[in-house]
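Read off the chains here:
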Amino acid sequence: MTTSESAALRSRIESSPLYNHDLAPASAEKRHWGTYNFAALWISMSVNILTYMLAASLIQGGMDWKQAVATIFIGNVIVLAPMLLNSHPGAKYGVPFPVLARSSFGVLGANVAAVLRALVACGWFGIQAWIGGEAISTLLATLIPSWKNFSYGAALCFFLFWLINLAVVLKGIEYIRILQGISAPVLLGVGLLLLGWAYHAAGGFGPMLSVPSKFTSFPEFLKFLIPALNGTVGFWATVSLNIPDFTRFARNQREQVIGQALALPTTMTLYAFVGIVVTSATVVIYGTAIWDPVQLLSRFHSPIAVVISLVAIVLATLNVNIGANVVSPANDFSNLWPQKISFRTGGIITCFMGVAMMPWKLLANYRTFILGWLGGYAAFLGPVAGIMICDYFVIRRRVLRVDDLYLRGGLYEYSRGFNWSAVIALGLGAGTALAGLVSPSIHALYDYSWFVGFAVSFVTYYALMRFQKDSALAVQGV
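Everything numeric in this text was worked out from a predicted model, so none of it was measured. (Residues numbered from 1 in each chain as written. Predicted model: local features only at pLDDT ≥ 70, side-chain atom pairs only at ≥ 80, totals over all residues. Heavy atoms only, no water.)

This part is about the overall build of the protein chain. Assigned secondary structure in the protein chain consists of 23 helices and zero strands. Compactness check: the protein chain gives a C-alpha radius of gyration of 23 Å against a globular reference of 23 Å for 478 residues, within 12% of the reference. Its C-alpha atoms give the protein chain principal-axis dimensions of about 80 × 50 × 40 Å. Buried residues in the protein chain amount to 56% of all 478 residues. In the protein chain, the share of contacts with a sequence separation of at least 24, taken over all contacts with a separation of at least 6, comes to 84%. For the protein chain, the accessible surface area stands at approximately 19,500 Å², while carbon and sulfur atoms represent 67% of it. Charged side chains in the protein chain number 29 positive and 18 negative. The centres of these two groups are separated by 1 Å. (Helix = DSSP H or I, 4+ residues; strand = E, 2+ residues; numbered from the N terminus. Rg over C-alpha atoms; globule rule 2.2 N^0.38 Å. Buried < 20%, exposed > 50% of the residue type's maximum accessible area, 1.4 Å probe, protein only. Contact = heavy atoms within 4.5 Å. Areas by Shrake-Rupley, 256 points an atom, 1.4 Å probe, with all protein chains shown as cover. Lys, Arg positive; Asp, Glu negative; His and termini not counted. Charge placed at Lys NZ, Arg CZ, Asp CG, Glu CD.)

In structure tokens form, the structure reads like this:
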């Protein structure tokens with residue numbers, strides 16, 4: 001291609017309705033993330049209140065500490081596989097998730113996958129905002145005891161914390177960078193504080209870890225293990241899709257693989273262990289499992305300890321929420337209408353959708369959190385992962401035409417912008433997983449929603465794409 005042809009193509013791409021600056025491939029000067037950066041990314045994202053609550057919910061569901069630790073570790077090793085597979089095209093071509101999805105779903109059909117992922121992120125945004133608001137409410141109750149009698153205190157604090165998040169989005173994501181290095185150490189400190197308190201109050205690790213499993217037989221344990229493991233995988237199912245949003249800045253494949261493989265399973269398991277042990281201790285101390293660290297902190301008798309811990313939770317939750325739950329959906333919403341929806345506008349949409357998801361209901365108890373929320377959206381994200389991985393590694397053999405990802409009428413146009421093979425595969429995968437909710441006899445399909453959806457969509461997509469190819473060759477007389 002001559003220089004003039006290259007310039008003309010570049011001009012055509014930049015004027016395309018599928019292009020904007022935020023969705024463009026990462027330039028060489030931006031691709032400087034190494035092993036340390038990816039390890040730090042996972043440490044900062046894994047050390048958060050929801051990791052603690054995920055682990056604590058397993059104890060509340062009836063597991064003993066060994067069973068809970070093993071479940072968390074195995075689940076994160078499993079989700080590491082699709083995480084690294086979807087990381088590859090991001091690191092190789094420098095494109096974000098919604099643009100990568102265009103190769104399998106079509107340049108317009110990619111919005112189906114992007115919106116599904118974005119809606120889940122909105123739910124997580126709302127959940128984190130509720131936790132932050134809960135911390136503020138508990139903090140006010142510690143400083144002003146009469147606050148406990150205010151009926152709308154929790155709701156008011158939720159909207160206050162939500163407004164703080166919205167202000168950060170309006171100010172710009174760069175505004176939060178000063179907190180980037182603080183969230184993980186701060187929450188680690190809170191976790192260690194709770195661990196020290198539990199050790200002292202329960203009388204040592206012996207009593208803390210002596211709480212037995214509630215399951216009297218292996219079949220009974222398996223009945224809870226399957227959805228718990230599915231929920232653990234589903235916990236990071238969102239990021240396993242949009243991980244190209246981060247690996248597009250990688251220096252090379254080796255460093256992003258090592259950084260993620262070292263940090264994700266280990267950090268999740270270690271911080272989850274804190275939640276598991278402390279929650280086990282609450283059974284000894286209070287006679288019931290308290291899975292919410294904010295509620296546990298409210299029982300402390302030292303106002304100073306409560307204030308310091310809750311302020312730390314508020315700051316760290318703000319940072320995690322912006323970094324993990326605004327960046328990706330903002331890109332996804334921007335992909336809907338690149339010429340009109342900027343990254344900032346996408347962030348604002350995320351904030352409002354987070355309220356609409358009613359996070360207070362998602363956190364009502366451990367069953368709605370694991371079986372309803374985590375298991376429910378896993379039924380949709382598993383199929384998307386299966387389709388994208390099949391397309392990139394099996395159908396296209398890791399070869400993409402990047403320019404065509406931003407153009408109408410190119411290789412990824414399919415049928416007026418939609419690859420119906422991907423849409424059908426997504427529908428069959430999600431439908432099969434969700435069928436377990438309809439009939440009790442096949443409820444295991446829902447318990448394994450991520451795995452079932454992934455497998456069904458992977459196989460269906462491969463078969464349909466092969467049929468498409470064979471049909472095209474037959475028409476051409478080959």
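A word on the packing of aromatic side chains. Across all of its chains, the model carries 27 aromatic pairs by this definition. On the basis of an interplanar angle of 75° and a centroid distance of 5.5 Å, the ring pair of Trp124 and Phe235 is categorised as edge-to-face. With Trp124 in helix 7 (residues 110-143) and Phe235 in helix 11 (residues 218-235), this pair connects stretches of sequence that are 111 residues apart. Judged by relative accessible area, which is 6%, Trp124 ranks as buried. For Phe235, a relative accessible area of 4% gives the class buried. The interplanar angle of 15° and the centroid separation of 5.3 Å between the aromatic rings of Phe418 and Trp420 together place this pair among those described as stacked. In this structure Trp420 comes out as partly exposed when scored by relative accessible area, which is 45%. Clustering of aromatic rings is evident, with ring pairs tying together Trp42, Trp124, Phe235, Trp236 and Tyr377. (Phe/Tyr/Trp six-rings, centres within 6.5 Å; stacked < 30°, edge-to-face > 60°.)

On to the side chain of Ser449, then. One can find Ser449 in helix 23 (residues 449-476). Taking relative accessible area as the criterion, Ser449 reaches 0% and is therefore assigned buried. If we skip the residues at most four places from it in the chain, Ser449 touches Asn230, Gly375, Ala378, Ala379 and Ala433.

This brings us to unusual backbone geometry. Residues other than glycine seldom take positive phi values, yet Arg398 does so here, at roughly 65°. Its place among the elements puts Arg398 in the loop between helix 20 (366-395) and helix 21 (420-438). One non-glycine residue, Arg416, lies in positive phi territory at about 55°. Inspection of the secondary structure assignment puts Arg416 in the loop between helix 20 and helix 21.

Counted by the stated rule, this structure contains four salt bridges. When the shortest N-O distance is used, the salt bridge between Arg401 and Asp404 registers 2.9 Å. (Salt bridge = Lys/Arg side-chain N within 4 Å of Asp/Glu carboxyl O.)

Our next topic: the packing of helix 3 (residues 49-60) against helix 11. At a minimum axis distance of 11 Å, the contact between helix 3 and helix 11 shows a crossing angle of 175°. On the basis of their axis angle, the class for helix 3 and helix 11 is roughly antiparallel. Of helix 11, the residues touching helix 3 (which contributes Leu50, Thr51, Leu54, Ser57 and Leu58) are Phe224, Ala228, Thr232 and Phe235. Each residue belonging to the contact of helix 3 with helix 11 can be placed in one class, and the counts come to six nonpolar, three polar and no charged. (Axes fitted to C-alpha atoms, helices over the stretch in contact; angles between N-to-C directions. Parallel < 35°, antiparallel > 145°, perpendicular 65-115°, else oblique. Nonpolar A, V, L, I, M, F, W, Y, C, P; charged D, E, K, R; others polar.)

On to the confidence of the model for the protein chain. With 92% of its residues at a pLDDT of 70 or more, the protein chain has an overall mean of 85. For the protein chain, helix 1 (residues 3-14) is the element with the lowest average pLDDT, namely 68, and helix 6 (residues 102-105) is the one with the highest, namely 96. Confidence drops under a pLDDT of 50 for residues 473-478, and excluding neighbours within four residues, the segment shows one contact in the predicted structure. (pLDDT = per-residue confidence, 0-100.)

Before going further, it helps to examine the environment of Leu297. Mapped onto the fold, Leu297 is located in helix 15 (residues 293-297). Separated by 180 residues in the primary sequence, Leu297 and Arg117 place their C-alpha atoms 33 Å from one another. Setting aside its immediate chain neighbours within four residues, Leu297 contacts Leu194, Val306, Ser309, Leu310 and Ile313.

Attention shifts here to the environment of Val326. Note on placement: Val326 falls in the loop between helix 16 (303-325) and helix 17 (327-336). Residues Val326 and Trp33 lie 293 residues apart in sequence; the distance between their C-alpha atoms is 20 Å.

What follows is about the packing of helix 3 against helix 4 (residues 65-93). At their nearest, the axes of helix 3 and helix 4 sit 9 Å apart, and the two run at 140° to each other. Judged by the angle between their axes, helix 3 and helix 4 are oblique. With respect to the hand of their crossing, helix 3 and helix 4 are arranged in right-handed fashion. Facing helix 3, whose interface residues are Leu54, Ala55, Leu58 and Ile59, helix 4 presents Trp65, Ala68, Thr71 and Ile72. Residue composition of the contact of helix 3 with helix 4, grouped by class: seven nonpolar, one polar and no charged. (Left-handed = near helix turned anticlockwise from the far one by under 90°.)

This brings us to the nonpolar core. Core analysis: the largest hydrophobic core is formed by 138 residues, its most contacted members being Trp42, Met63, Phe105, Trp124, Trp236, Phe369 and Trp373. Considering each element in turn, this core owes the most residues, 14 residues, to helix 7. Those residues within four positions of Phe369 in sequence are excluded, and the remaining contacts are Leu50, Leu54, Trp124, Trp291, Leu362, Leu363 and Leu374. (Core = buried A, V, L, I, M, F, W, Y, C linked by side-chain atoms within 4.5 Å.)

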